[in-house]
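# Residue-level structure breakdown
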Amino acid sequence: MVIVILLLAIILCVCIFEKNKGTLGDESVQNGTTTEEPVAEQSSESASEQTEEPMSEQPSELASEQTSEQESDPAPELILNSEMQETDNPRIGEILNVSGVYTDSVDNTCHYAYQIPQFFADTESAKKMNQRIVDEILPEIESEFSVMKHGGSLWIGCIWYEVFEYGDMVSLLVTIPYPNDVRFYYAYTYDFANGKEVTNLELLAMRQMTGESFVETAHEMEEAYWDKSWEFNPELKSIAELEESKALTTPELPMYLNADGTLNVFIPFPSVAGASWYYHLCEF
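Source: prediction; values computed, not measured.

Time to look at unusual backbone geometry. Of note, the phi angle at D107 is positive, near 70 degrees, even though the residue is not glycine. Following the sequence through the fold, D107 ends up in the loop between β2 (92–103) and β3 (109–119). Positive phi outside glycine occurs at N180, with the angle close to 65 degrees.

Next comes the structure, spelled out in structure tokens:
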């Protein structure tokens, strides 16, 4: 009996001890004594460390580097000479003569060269002609420089001129080549002896021709060329290309005097392939 009473007493003491231990544990949780290194504080410190080097600065630095690289290799600038520059010919000057090497955005590298000539004369007629030359040629060059500025591929890689002198009559011939063997021409003739422009009608008159007789002769040349082009397949011949060429044939076609006085005229002839017509140089 004594033994049983001792066992019951021991069990009762153990139960009381466990109950008090649970109560103390609850109180310590309520008082926050178990959070010696709070998770919230760790997150705050981590966030603080990340804030010291903001991620937004990295794209900004990269953009700055890219901008710097672009600025270090600028596109060429088009600048006209403030004054006409002399050439080997005392009668001819240049308002523009620029060349260089260009690589487009797809790594095509090419040489470019552009020239704009001028008559070295101080008459009102010469000034008007010189301005007309700039107005007709410069837009083509400006377009190519705009292409280079945006990394595109060049359409016209070069523009050049030739000089033909027949006594005091000096002709400038400017050539602009396009893809597919297409070329456009601009011709200007100035009479240094009389200080005036020589018009196309005046050039034709030197060959005893009028504007009307020239067009009639040119049409005959175009028709003969077209007939010969289809002499082996006449049933396939179309008149559309011929009619287009004839419609473009006027006394205003590019023409100039050669050094021997021959009148050279670029006449649009119909084509069986490629473009619908191409300029052919004809002598009168």
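The tally for this structure, following the rule as stated, stands at zero disulfides. Left unpaired, C158 is separated from the closest cysteine sulfur, that of C110, by 9.9 Å.

So, on to the layout of surface pockets. Over the atoms, a rolled probe matching the size of one water molecule traces out where space is still vacant. A volume near 350 Å³ is recorded for the largest pocket. Considering the residues around the largest pocket, the lining is formed by 19 residues, among which A187, N200, E252, L253 and P254 are closest to the centre. The set of elements that each furnish at least two residues to the lining of the largest pocket consists of α4 (124–149), β6 (182–191) and α5 (200–205). If one sorts the elements of the lining of the largest pocket by residue count, β6 sits on top with six residues.

The topology assignment puts N89 in the loop between β1 (85–86) and β2. For N89, the side chain forms a polar contact with the side chain of E165, separated by 3.1 Å. If sequence neighbours within four positions are ignored, N89 has contacts with V163 and E165.

What follows deals with the sheet that holds strand β10 (residues 277–283). Strand order across the open sheet formed by three strands is β8-β9-β10, with antiparallel pairing between neighbours. Looking at the sheet topology across the chains shown, the edges are occupied by β8 (255–257) and β10. The average undirected angle you get between the axes of adjacent strands in this sheet is 30 degrees. In this sheet, strand β9 (residues 263–270) lies alongside β8 in antiparallel orientation, the contact comprising three bridges. In the strand pairing of β9, M255 is matched with V265. Taken strand by strand, helix α6 (residues 211–229) contacts β8, β9 and β10, and its axis lies near 50 degrees from that of β9. Running at roughly 150 degrees to β9, helix α7 (residues 240–248) makes contact with β9 and β10 of the sheet.

What follows deals with the pairing of β3. Both β2 and β3 contribute to a ladder of eleven bridges, which runs antiparallel. Its bridge partner being in β3, I92 is matched across the sheet by F119. With antiparallel pairing between neighbouring strands as the criterion, β2 and β3 make up a hairpin whose turn holds five residues, including D107 at a positive phi of roughly 70 degrees. Sheet topology places β3 next to strand β4 (residues 158–166); two bridges connect them, and they run parallel. Within the sheet, the bridge partner assigned to Y114 lies in β4 and is I159. Remark: the β3/α4/β4 crossover connection has left-handed handedness.

On to the pairing of β4, then. Strand direction decides the pairing type here: β4 and strand β5 (residues 169–178), joined by seven bridges, are antiparallel. Opposite V163, over in β5, you have L172 as the bridge partner. Here β4 folds back onto β5, and the loop between the two strands holds two residues, one of which, G167, carries a positive phi near 65 degrees.

Each value, and the rule that gives it
- Residues numbered from 1 in each chain as written.
- Predicted model: local features only at pLDDT ≥ 70, side-chain atom pairs only at ≥ 80, totals over all residues.
- Heavy atoms only, no water.
- Helix = DSSP H or I, 4+ residues; strand = E, 2+ residues; numbered from the N terminus.
- Disulfide = S-S within 2.5 Å.
- 1 Å grid on protein atoms, 1.4 Å probe; cavity = no way out; pocket = protein on both sides within 12 Å on 5 of 7 lines; lining within 4 Å.
- Points joined across faces, edges and corners; volume = space filled by probe spheres on them.
- Polar contact = N/O pair within 3.5 Å; in protein donor to acceptor, adjacent residues only side chain to side chain.
- Contact = heavy atoms within 4.5 Å.
- Pairing = 2+ DSSP bridges.
- Axes fitted to C-alpha atoms, helices over the stretch in contact; angles between N-to-C directions.
- Right-handed = clockwise from strand over helix to strand, strands pointing away.

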